[in-house]
Amino acid sequence: AKDAQLREQALIIEKQNALENERNRISSEMHDDLGSGLTRIRYLSDKALVHASEKEKEEITKISAYANDLVRNMGEIIWAMNSRFDDAENLAGYLRRYASEYLEEHSIPFSFDIDEEQLENVNVRGEVRRNLFLVFKEVLHNTVKYSGASEVIIHLHIADHVTIKVSEVGARGFDPISSEEKGNGLYNIKKRMNAIQGRITYEQSAEAMQITFSAPFHLS
């Protein structure tokens, strides 16, 4: 019985390693092949702008913008797929970098607080990382578009779960149920959290609207 159990464990580890190798192979090929192609399109677009007419410039600028969006989206997919980034430190760094770029672009002051001492040696699977990031991205999109917040405070906590709290200071707030019916990405947020066995809560106080979402490191 013990030998059978050991063989089963060895088979599970072998399958996990094979899956990780395949994830890494695909992300590497995406980076090398698609990435270089999109970068080339962006380079050619910039070059074409120099001699283009005003009407042509408008179309070429659209091509360049689409290429930029694809490069950014592909970067997110590669980051999620590569098992080299399956840890809490990478997740924290990626979330902080995205928040910094996005909120500064929209001139919204923010702070990002991480429980640094809790990040070491914590493995977070790619599917969990990707869904948490996409929820985070949608939450910040809604913050910028709808909340009217004067400041955003983000807190990342690692314990038995990954927990991210986004506080929209001075926000007008919203009713999650009616907002989900209207759209605003809340249905997709709920679906993504369910997919990784997580949960999300919304709480309005006098100072801020708080969105808190949490998920386990691995899916059972």
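Before any of the text, the structure's been laid out above.
Residues numbered from 1 in each chain as written. Predicted model: local features only at pLDDT ≥ 70, side-chain atom pairs only at ≥ 80, totals over all residues. Heavy atoms only, no water.

Peer 1: For this particular structure, what's the right way to read the pairing of strand S4 (residues 199-204)?
Peer 2: Taken residue by residue, a regular strand's side chains alternate between the two faces of the sheet. With six bridges connecting them, S4 and strand S5 (residues 208-216) associate as antiparallel partners. Directly across from Ile 200, in S5, lies its bridge partner Phe 213. Count of turn residues in the S4/S5 antiparallel hairpin: three residues. (Pairing = 2+ DSSP bridges. Helix = DSSP H or I, 4+ residues; strand = E, 2+ residues; numbered from the N terminus.)

Peer 1: Whenever I open this one, the packing of helix H2 (residues 54-81) against helix H4 (residues 126-147) confuses me. Can you help?
Peer 2: Packed helices, taken two at a time, are described by their axes: the angle between them and the distance between them. Two elements in contact, H2 and H4, have axes whose closest approach is 8 Å; the angle formed by their N-to-C orientations is 145°. Judged by residue contacts, Asn 73, Glu 76, Ile 77, Trp 79 and Ala 80 of H2 engage Gly 126, Arg 129, Arg 130, Phe 133, Leu 134 and Lys 137 from H4. Within the contact of H2 with H4, the residues separate by chemical class into five nonpolar, two polar and four charged. (Axes fitted to C-alpha atoms, helices over the stretch in contact; angles between N-to-C directions. Contact = heavy atoms within 4.5 Å. Nonpolar A, V, L, I, M, F, W, Y, C, P; charged D, E, K, R; others polar.)

Peer 1: Before we go on, may I ask you to explain helix H3 (residues 88-105) in this structure?
Peer 2: An α-helical turn contains 3.6 residues, so any two residues separated by three or four positions project in the same direction. If you check H3, its first and last C-alpha atoms are 26 Å apart, about what 18 residues at 1.5 Å a residue would give, namely 26 Å. Those residues of H3 that sit buried are Ala 88, Leu 91, Ala 92, Tyr 94, Leu 95, Tyr 98, Ala 99, Tyr 102 and Leu 103. Buried residues of H3, viewed axially, fall in a sector of 165°; they line one side. Exposed and oriented more than 90 degrees from the buried face of H3 are Glu 101, Glu 104 and Glu 105. The inward-facing, buried residues of H3 contact H2, strand S1 (110-114), H4, strand S2 (151-158) and strand S3 (161-169). (Expected span 1.5 Å × (residues − 1). Buried < 20%, exposed > 50% of the residue type's maximum accessible area, 1.4 Å probe, protein only. Arc of directions from axis to C-beta.)

Peer 1: How should I be thinking about the side chain of Ser 147 in this particular structure?
Peer 2: Among the secondary structure elements, Ser 147 is positioned in helix H4. Engagement of the side chain of Ser 147 in a polar contact is seen with the backbone nitrogen of Ala 149, the distance being 3.0 Å. What Ser 147 contacts, discounting residues up to four positions off in sequence, is Asn 142, Glu 168, Ala 171 and Arg 172. (Polar contact = N/O pair within 3.5 Å; in protein donor to acceptor, adjacent residues only side chain to side chain.)

Peer 1: Looking at this structure, how should I read the sheet that holds S3?
Peer 2: Within a sheet, neighbouring strands are paired by backbone hydrogen bonds and run either parallel or antiparallel to one another. Reading across from one edge, S1-S2-S3-S5-S4 is the order of the five strands in this open sheet, with mixed pairing throughout. Each edge of the sheet is formed by a strand with only one pairing partner; in this case those strands are S1 and S4. Neighbour-to-neighbour, the strand axes of the sheet open up by a mean angle of 10°, direction not taken into account. Its contacts with the sheet put H3 on S1, S2 and S3, and the angle it makes with S1 is roughly 175°. Against the sheet, helix H6 (residues 186-195) contacts S4 and S5, and its axis sits at roughly 135° relative to S4.

Peer 1: It is not clear to me how the pattern of salt bridges should be interpreted in this structure. Could you clarify?
Peer 2: Close approach of charged atoms allows side chains with opposite charge to pair. Counted under the stated rule, the structure contains five salt bridges. Notably, a salt bridge pairs Asp 69 with Arg 72, separated by 2.5 Å at the nearest N-O pair. Residue Asp 69 and its partner Arg 72 are located together in helix H2, separated by three residues, close to a single helical turn. On the accessibility criterion, Arg 72 (47% relative accessible area) is partly exposed. In this structure, Lys 137 and Glu 76 form a salt bridge, with 3.1 Å as the shortest nitrogen-oxygen distance. Of this pair, Lys 137 sits in helix H4 while Glu 76 sits in helix H2, and the two are 61 residues apart along the sequence. (Salt bridge = Lys/Arg side-chain N within 4 Å of Asp/Glu carboxyl O.)

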